[in-house]
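Architecture at a glance
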Amino acid sequence: MDIVVHEAQTDAAVLECKGRLNMVSAPAFRETVAKVVGDGRHRVVVELSGVEFMDSSGLGALVGCLKTARQAGGDLRIAAPSDQVSMVLKLSNIDKILRTYPDGDAAVTNWG
């Protein structure tokens with residue numbers, strides 16, 4: 001999986017992900033989010049329009065990263081999930097915990 005980090009605001013970053021978020025890529029994804037949060041950008045938006053497949057390991061990574069961000073006083077949001085990712089989020093009811101936005105711009109506004 002390819003991850004490109006964009007600094008959106010002083011304390012926020014958008015991670016643009018492409019590929020598969022699964023057992024193989026989940027550890028690198030977790031490390032990237034931990035580094036972003038450790039660097040002071042504790043509000044994280046994960047843009048998933050380019051992720052064509054996510055399994056339970058990817059789901060676990062998202063939940064773990066949500067915890068990392070919240071422990072730092074921030075939050076994690078999902079932007080533009082692909083159809084397959086949306087289905088996995090809905091089937092697991094994680095869509096009730098992880099807020100989903102239509103795009104990265106919408107996700108980085110109104111952090112209240």
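See the structure above.
Summary of the structure given here. (Residues numbered from 1 in each chain as written. Predicted model: local features only at pLDDT ≥ 70, side-chain atom pairs only at ≥ 80, totals over all residues. Heavy atoms only, no water.)

**Concerning the side chain of Arg-41**
Tracing the backbone shows Arg-41 in the loop between α1 (26-38) and β3 (43-54). With a relative accessible area of 15%, Arg-41 lands in the buried category. Excluding residues that lie within four positions of it along the chain, Arg-41 makes contacts with Val-5, Glu-7, Gln-9, Thr-10, Asp-11, Ala-12, Ala-13 and Val-36. (Helix = DSSP H or I, 4+ residues; strand = E, 2+ residues; numbered from the N terminus. Buried < 20%, exposed > 50% of the residue type's maximum accessible area, 1.4 Å probe, protein only. Contact = heavy atoms within 4.5 Å.)

**Focus on helix α2 (residues 56-71)**
Because an α-helix packs 3.6 residues into every turn, residues spaced three or four apart end up facing the same way. An ideal rise of 1.5 Å per residue puts 22 Å on 16 residues; α2 measures up with 22 Å between its terminal C-alpha atoms. Taken together, the buried positions of α2 are occupied by Gly-58, Leu-59, Ala-61, Leu-62, Cys-65, Leu-66 and Ala-69. For α2, the angular spread of the buried residues around the axis is 155°, confining them to a single face. In α2, the exposed positions that point more than 90 degrees away from the buried face belong to Ser-56, Lys-67 and Gln-71. Looking at the packing, one finds that the buried side of α2 touches β2 (12-21), α1, β3, β4 (75-79) and α3 (83-91). Residue Asp-55 occupies the N-cap position of α2, its side-chain oxygen lying 3.0 Å from the main-chain nitrogen of Ser-57. Of the residues one or two after α2, Gly-73 is the one with positive phi, at around 90°. (Expected span 1.5 Å × (residues − 1). Arc of directions from axis to C-beta. Polar contact = N/O pair within 3.5 Å; in protein donor to acceptor, adjacent residues only side chain to side chain.)

Read these as layout, nothing more, since geometry by itself doesn't imply function.
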